[in-house]
Amino acid sequence: MSYPDSATHKAAARHEHFVQFYEEDEFLLDEVSGFLDAGLQAGSVGLVIATPQHREGLDRRLEGLARDQSRYVALDAASTLSKFMLDGYPDAQLFENVIGSALQRASRNGTRHVHAFGEMVSLLWAEGNHEAAVRLEELWNALAASHAFSLLCAYPMDGFHDVEHGSSFLHICDAHSQVRPAESFSRPDGVDELHRQVAALQQKAAALEIEVARRKEAERILHRREKELSDFMENAVEGLHQVGTDQKILWANTAELEMLGYEPDEYVGHRITEFHVDTEVIEAIWDKLRRGEALYNYPARLRCKDGSIKQVELNSNALIEDGKLVHTRCFTRDLTDRVRLESELQKQLEQLAESDRRKDEFLAMLGHELRNPLAAMTTATELMRLRDDDPSFRIRTREMVARQAALMTRLVDDLLDISRINQGTIILKLEEIPLGDIIDRAVELACPLIDQRNHHLTLNLPTEPVLLCCDRARLVQVVANLLNNAAKYTDPGGNIGLSVQRDGTDLLLCVRDDGIGLTEDLRERMFEPFVQAKDSSGRSQGGLGIGLTLVRKIVALHRGRVEARSEGPGRGSELVVCLPLPLSPSSKV
């Protein structure tokens, strides 16, 4: 492509501003050398402001003319550009001083026309400083008002691949008097060929616009989906996190942070091992993930910020590339409540099983306890029939029947009492009763068993009278049951002590013995229904196992409490009833 010589230029105008777009450096150097050679052949001066690589290429093509410093001036583009740039933008006055002076010297004070090639705008464009490049083109045009020169600028086409560059590209073209296309545009031989190439370019432009629109729509959809995916992961109700190759947490969503109670900077960036309670568990998890294994419903325990422990279930796998772990991704499900409920359910099942076992034992004991008096009563009735003629025998037999009937009545009454208390239908008949009356009646009821087993009973009671507002029969039942319990589980000839004392606003009633004592487990369960201790031979001492249950329930109805104490098996025991003083007259339960 030819350029006008100086004579042609002077006849036309004092200034011509070309822009050359190019794809390969060789094409650019050919075009620039042609531009400079046309001027040098016509007597003009060549001014080159270019990169070192391009200056060397021009020296080779101009065959020594570039060495004539009186007709050819070469400057470094980057160094020259730095002399008039302020804060990344060309300063007009500095540009006039630097470039105007260079043109003045090259033209020998305006006596010669100058053919200039400038590459500074290309450097600015390549740096991404597009506004500065367009401004520099405008400053070159303004300089033509005071200097005679023809200017060729050049831009590589690969700097305009983005759609956003279209507007700046047009500004650059508008700043030049002639625009020269890159080498891929073939020079037409005539108008018809030119029209064909223009039509082809129009088709390509239209297709490109459609493709650009499609890509923009695809990018919009991709951006929306990425946003939706990011929202899904960040706001999922289940915990999510990623861990890098150094075991440091790369990311965690809101659910995971809230579950454990950490702020993002307290969790993300820390090693995952810091939050696992069980070191061996996280080591096993890491080994499996590093080998490419997937984890499903894997149990673990995580430490919360407040020090509590979360029981969790992990579902995790790893991204493996070229056989190496890149990162892991993990779903964390909080199972703390479920584990707690399962544990409670298991305990309840065990308690139900234990209750069922004790129920079976109770039914067996009830059958035994009822069979004995019934057998005695049946035998007595038969003997009375056979020996009806013996009055003294009939009297003794009736007394035996009466005793056995009384025993059966007491067993049935105890069962009915338990049922009434559980159903909330029992009514306390509260009245003011001297403590001594209750103790006397209870001892009277317990004495047959105490005497039978040859125990020694000691009483330690307050010297001053104590009045209780209570249900006489029920409180007598409490004390008698405690004494009977001590008598049953103390070896014959043992010691039993009953003491009563004030403790502030409470009354403490204690029954001590030096019997078989209590294990820790029995001490906690002995007030439950159907629980019975066994002697050293492993045998129970008879009864239904509900006496102490009645004690606890009756005492609770009087707003008191009862507890058992023992130093262990063989060390005796102490049952303590604590009743508030004065007792409330409220009677219905």
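Provided above is the structure to which this section pertains.
In short, a report on the structure.

Reading guide: rules and limits
Residue positions are given per chain, counted from 1 along the sequence in the order it is written. Local features are withheld for residues below a pLDDT of 70 in this predicted model, meaning they are given only at 70 or higher, and side-chain atom pairs are given and counted only at 80 or more; totals for whole chains, interfaces and linings count all residues. Excluded from the side-chain calculation are hydrogens and water; included are all heavy atoms of the structure. A run of DSSP states H or I qualifies as a helix once it reaches four residues; a run of E qualifies as a strand once it reaches two. Both are numbered from the N-terminal end. We call a residue buried when its accessible area falls under 20% of the maximum for its residue type, exposed when it is over 50%, and partly exposed in between, using a 1.4 Å probe and counting protein chains only. We call two residues in contact when some of their heavy atoms are within 4.5 Å. Surface accessibility in these figures is a Shrake-Rupley result with a 1.4 Å probe; residues are shielded only by whichever protein chains are displayed. Pairs of strands are assigned from DSSP output, requiring at least two bridges between the strands. What counts as an axis is a line fitted to C-alpha atoms, over the stretch in contact for a helix, and the angles between N-to-C directions run from 0 to 180 degrees. Residue types Ala, Val, Leu, Ile, Met, Phe, Trp, Tyr and Cys, when buried and joined through side-chain atoms within 4.5 Å, form a set referred to as a nonpolar core. The span one expects for a helix is its residue count, reduced by one, times 1.5 Å. For Phe, Tyr and Trp, rings pair up if their centres lie within 6.5 Å, where Trp contributes its six-membered ring, and each pair is then called stacked (planes under 30 degrees apart), edge-to-face (over 60) or tilted (otherwise). To obtain the bend at a residue, axes are fitted to the seven residues ending there and to the seven starting there, and the angle between these axes is taken.

### Some remarks on the overall build of the protein chain
Along its length, the protein chain carries 18 helices and 20 strands. Across the 589 residues of the protein chain, 39% fall into the buried class. In the protein chain, the share of contacts with a sequence separation of at least 24, taken over all contacts with a separation of at least 6, comes to 67%. As displayed, the protein chain offers around 32800 Å² of accessible surface, 51% of which is attributable to carbon and sulfur atoms.

### A few points about the sheet that holds strand β3 (residues 72-76)
Reading across from one edge, β3-β2-β6-β7-β1-β8 is the order of the six strands in this open sheet, with parallel pairing throughout. Either end of the sheet is taken by a strand with one partner, and the two such strands are β3 and β8 (178-180). Going from strand to strand, the sheet's axes swing by 15° on average, the running direction of each strand aside. Bridging between strand β1 (residues 15-22) and β8 involves three bridges; their strand directions are parallel. Bridge pairing links Q20 to R180 in β8.

### Description of the environment of C330
Mapped onto the secondary structure, C330 falls in strand β13 (residues 324-334). Separated by 90 residues in the primary sequence, C330 and L240 have C-alpha atoms spaced 5.6 Å apart. Setting aside residues up to four positions removed in sequence, C330 forms contacts with G239, L240, H241, L314, N315 and S316.

### Topic: the sheet that holds β13
Overall, antiparallel pairing links the five strands, which are arranged β10-β9-β13-β12-β11 in an open sheet. Two strands bound the open sheet, and with one partner strand each, they are β10 (249-252) and β11 (295-303). Neighbour-to-neighbour, the strand axes of the sheet open up by a mean angle of 30°, direction not taken into account. Strand direction decides the pairing type here: strand β12 (residues 309-321) and β13, joined by ten bridges, are antiparallel.

### A look at the pairing of β1
A regular strand places its side chains on the two faces of the sheet in alternate fashion. By the criterion of burial, β1 is predominantly enclosed, with seven of the eight residues buried. The pairing of β1 with strand β7 (residues 149-156) spans eight bridges and is parallel. Note on β7: the bridge partner recorded for V19 is C153.

### What about the nonpolar core?
A general trend in soluble globular proteins is that nonpolar side chains are found buried together. Grouped together as the largest cluster of nonpolar side chains are 40 residues, with contacts concentrated most on L468, L482 and L509. Broken down by secondary-structure element, the contributors of at least two residues to this core are α15 (435-452), β16 (467-471), α16 (472-488), β17 (495-503), β18 (506-513), α18 (547-557), β19 (561-565) and β20 (573-580). Considering every element that reaches this core, the biggest residue donor is α16, with nine residues.

### Details of helix α2 (residues 25-41)
A turn of α-helix holds 3.6 residues, and therefore any two residues three or four places apart point the same way. If you check α2, its first and last C-alpha atoms are 24 Å apart, about what 17 residues at 1.5 Å a residue would give, namely 24 Å. Buried within α2 we find F27, L28, L29, E31, V32, S33, F35, L36, A38, G39 and L40. Of the residues flanking the end of α2, it is G43, one or two places downstream, whose phi is positive at about 95°.

### Looking at the packing of aromatic side chains
According to the stated counting rule, one finds 14 aromatic pairs in the structure shown. For the ring pair F95 and W140, a centre distance of 5.6 Å and an interplane angle of 80° mean the geometry is edge-to-face. Of this pair, F95 sits in helix α5 (residues 92-106) while W140 sits in helix α7 (residues 130-143), and the two are 45 residues apart along the sequence. The pair F95 / W140 is uniform in exposure class, with both members buried. A centroid spacing of 5.9 Å and a plane angle of 65° characterise the contact between Y155 and F160, whose relative ring orientation is edge-to-face. Accessibility expressed as a relative area gives 0% for Y155, which makes it buried. The class for F160 is buried, based on a relative accessible area of 11%. Among the aromatic side chains, those forming a connected cluster through ring pairs are F21, W125, Y155, F160 and F169.

### What about α15?
Under the 1.5 Å per step criterion, the end-to-end length of α15 is 26 Å for 18 residues, consistent within 8% with the ideal 26 Å. The largest bend in α15 is about 45°, located at A446, with the proline P448 one to four residues further on. Of all the residues in α15, the buried ones are L435, I438, I439, A442, V443, A446 and I450. Those residues of α15 that are buried are in contact with β14 (430-434), β15 (456-460), β16, α16, β17 and β18. N454 lies just past α15 and shows a positive phi near 60°.

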